[in-house]
Amino acid sequence: MRASPYESSAIEPDAGIPAPANQIFVWGMSPAMLRLRRVVTDTARTDIPVLLTGESGTGKEVLALQIHQLSDRRNEPFTKTRCRTLVPDRISSRLKDPAYGGFANGTFRGTVFLDEINELDSEGQRQLLDLLPDGNGIQNGGSTGARLISTSRRNLEEELRSGKFAEELYFRVNGVSVKIPALKERKEDIPELANFFLTKYATLFERQRPAMTEVLLARLAAYSWPGNVRQLENAMKKIVATGDPDVALADLVEITPEILKVGGESIPSLKAAARAASRHAERELISRALTRTHWNRKKAALELQISYKALLYKLKQLGLEDSEGS
């Protein structure tokens, strides 16, 4: 199974291996992501430690890989360690082990990736701090060439203020802080992301690539995506696998007062709610297209990328055929 660009299963836990060249971070064109891209581009070729923050599923690991691949260390190992799996008394031996890059003994020349550094308890933080180079890159009498990238889904500044995270460690790992916004904060990037994943899984499953319709885009834009880009990827994978967006997106429906009732009757099931949400989105899109085209149905059909006959059917189905001028 191919690794997800947002959950890099190509790198096993705590394995020191070269970063896979096929990992892709989809930037998008939202202002927040354009600013983030400039920061990453400017810092990627330096040795400054990077702290990546953001909610689960936003793509922190893939961005870490992107930084590694943009750096002068791209041909050297990318060593990942999940901090929540580390036993404090093993941190020193783990990071000194040649199998994991020899980070702490000055022999490692690649990138060390500490996933969810916020998971370390106070003893784990102390031991890690003892292994990290000081501001001059010197540790235990030797020099380390390792680049350090850490992630945290929690706000480390708040953890610092509450005494849960060591101040010295915070400033040691936070050379530059990069926050990846949640998907709900950059919905203008959804079309590019969705198209990328549809193409990816159509190729992977050897299926015809599903069309990205206005109705589908409206449904994707209306959802809040609590699981972020990872959840969007899984949804696009389901669309390719099932060939039916209604089935694939049934569990993504957010029940709102506007779609809870159809004809004054309560909707009894999630599947019915999904159909209602789809009809609600279709009605909105068709109404807008007809308004923009001054109720020229043929122009509206072209704009919606459906046939004229299909539009007439939808108008009748949605009760819009007699709505002109209302």
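Residues numbered from 1 in each chain as written. Predicted model: local features only at pLDDT ≥ 70, side-chain atom pairs only at ≥ 80, totals over all residues. Heavy atoms only, no water.

Draft legend 1. Structural view of the overall build of the protein. Of the regular secondary structure elements, the protein holds 13 helices and 10 strands. When the accessible surface of the protein is totalled, it reaches about 16,500 Å², and 50% of it is carbon and sulfur. (Helix = DSSP H or I, 4+ residues; strand = E, 2+ residues; numbered from the N terminus. Areas by Shrake-Rupley, 256 points an atom, 1.4 Å probe, with all protein chains shown as cover.)

Draft legend 2. Region of interest: the pairing of strand β4 (residues 111–115). The buried count for β4 comes to five of five residues, which makes it a mostly enclosed element. In β4, alternate side chains face the same way, and those of Thr111, Phe113 and Asp115 on one face and Val112 and Leu114 on the other are all buried. Examined bridge by bridge, strand β3 (residues 77–82) and β4 share five bridges and lie parallel to one another. Of the residues in β4, the one forming a bridge with threonine 79 is valine 112. Of the pairings in the sheet, the one linking β4 to strand β7 (residues 147–152) comprises four bridges and is parallel in character. Residue pairing for β7: threonine 111 is matched across the bridge by arginine 147. (Buried < 20%, exposed > 50% of the residue type's maximum accessible area, 1.4 Å probe, protein only. Pairing = 2+ DSSP bridges.)

Draft legend 3. Here's a closer look at helix α1 (residues 31–43). Spanning 13 residues, α1 covers 19 Å between terminal C-alpha atoms, matching the ideal 18 Å at 1.5 Å per step. Turning to α1, the residues buried within the fold contact α2 (60–70), β7 and β8 (176–179). (Expected span 1.5 Å × (residues − 1). Contact = heavy atoms within 4.5 Å.)

Draft legend 4. A look at the environment of valine 173. Among the structural elements, valine 173 can be located in helix α6 (residues 167–173). We classify valine 173 as buried; its relative accessible area is 0%. Each C-alpha atom, one on valine 173 and one on leucine 129, is 9.3 Å from the other, the two residues being 44 residues apart in sequence. With residues near it in sequence (within four places) discarded, valine 173 still touches Pro49, Val50, Leu51, Ile117, Leu132, Leu148 and Ser150.

Draft legend 5. Summary view of the pattern of salt bridges. Counted according to the given criterion, the structure contains 14 salt bridges. Between aspartate 47 and arginine 73 there is a salt bridge, and its shortest N-O distance comes to 2.5 Å. With a gap of 26 residues between them, aspartate 47 in the loop between α1 and β2 (50–53) and arginine 73 in the loop between α2 and β3 connect regions that are remote in the sequence. A salt bridge links arginine 186 to aspartate 189; the nearest nitrogen and oxygen atoms lie 3.0 Å apart. Here arginine 186 and aspartate 189 have matching classes, each one buried. Several salt bridges share partner residues, and in doing so they unite Lys60, Glu116, Glu119 and Arg153 into one network. (Salt bridge = Lys/Arg side-chain N within 4 Å of Asp/Glu carboxyl O.)

Draft legend 6. Spotlight on the packing of aromatic side chains. Under the defined criterion, the tally for this structure stands at six aromatic pairs. An angle of 75 degrees between the planes, with centres 5.3 Å apart, marks the rings of phenylalanine 196 and phenylalanine 197 as edge-to-face. The exposure class assigned to phenylalanine 196 is partly exposed, which follows from its relative accessible area of 23%. Measuring from centroid to centroid gives 4.8 Å for tyrosine 223 and tryptophan 225, while their planes differ by 85 degrees, and the two rings are edge-to-face. Neither residue differs from the other here; tyrosine 223 and tryptophan 225 are each classed as buried. The ring of tyrosine 308 carries the charged tip of lysine 298 above its face, separated from the ring centre by 5.8 Å. (Phe/Tyr/Trp six-rings, centres within 6.5 Å; stacked < 30°, edge-to-face > 60°. Lys NZ or Arg CZ within 6 Å of the ring centre and 35° of its normal.)

Draft legend 7. Quick peek at the side chain of serine 30. On the secondary structure map, serine 30 appears in the loop between β1 (16–18) and α1. Other than its neighbours up to four places away in sequence, serine 30 contacts Arg186, Glu188 and Asp189.

Draft legend 8. Spatial organisation of the pairing of β2. Where burial is concerned, the two faces of β2 agree: the one with Val50 and Leu52 and the one with Leu51 and Thr53 are both buried. Sheet topology places β2 next to β7; four bridges connect them, and they run parallel. Paired with leucine 51 across the strands is serine 150, a residue of β7. Note that β2 and β8 share four bridges and pair parallel. Considered in β8, the bridge of leucine 51 is made with serine 177.

Draft legend 9. Examining unusual backbone geometry more closely. Residue tryptophan 225 is not a glycine yet carries a positive backbone phi of 50 degrees. Mapped onto the elements of the fold, tryptophan 225 is located in the loop between α8 (214–222) and α9 (228–242). By relative accessible area, tryptophan 225 is classed as buried at 1%. At tryptophan 295, a position not held by glycine, the phi torsion is positive, near 65 degrees. For tryptophan 295, the location among the structural elements is in the loop between α11 (270–292) and α12 (297–304). Owing to a relative accessible area of 16%, tryptophan 295 belongs among the buried residues under this scheme.

Draft legend 10. Representation of α8 within the structure. Buried within α8 we find Leu216, Leu217, Arg219 and Leu220. Buried residues of α8, viewed axially, fall in a sector of 160 degrees; they line one side. (Arc of directions from axis to C-beta.)

Draft legend 11. Representation of the packing of helix α7 (residues 190–205) against α9. Relative to each other, α7 and α9 sit at 45 degrees, their axes nearing to 9 Å. Viewed along their axes, α7 and α9 adopt a mutual orientation that is oblique. Where α7 crosses over α9, the two elements pack in a sense that is right-handed. The segment α7 lies against α9, with Ile190, Leu193, Ala194, Phe197, Leu198, Lys200, Tyr201, Ala202 and Phe205 engaging Val229, Leu232, Glu233, Met236, Lys237, Ile239, Val240 and Ala241. Residues that form the contact of α7 with α9 fall into these classes: 14 nonpolar, no polar and three charged. (Axes fitted to C-alpha atoms, helices over the stretch in contact; angles between N-to-C directions. Parallel < 35°, antiparallel > 145°, perpendicular 65-115°, else oblique. Left-handed = near helix turned anticlockwise from the far one by under 90°. Nonpolar A, V, L, I, M, F, W, Y, C, P; charged D, E, K, R; others polar.)

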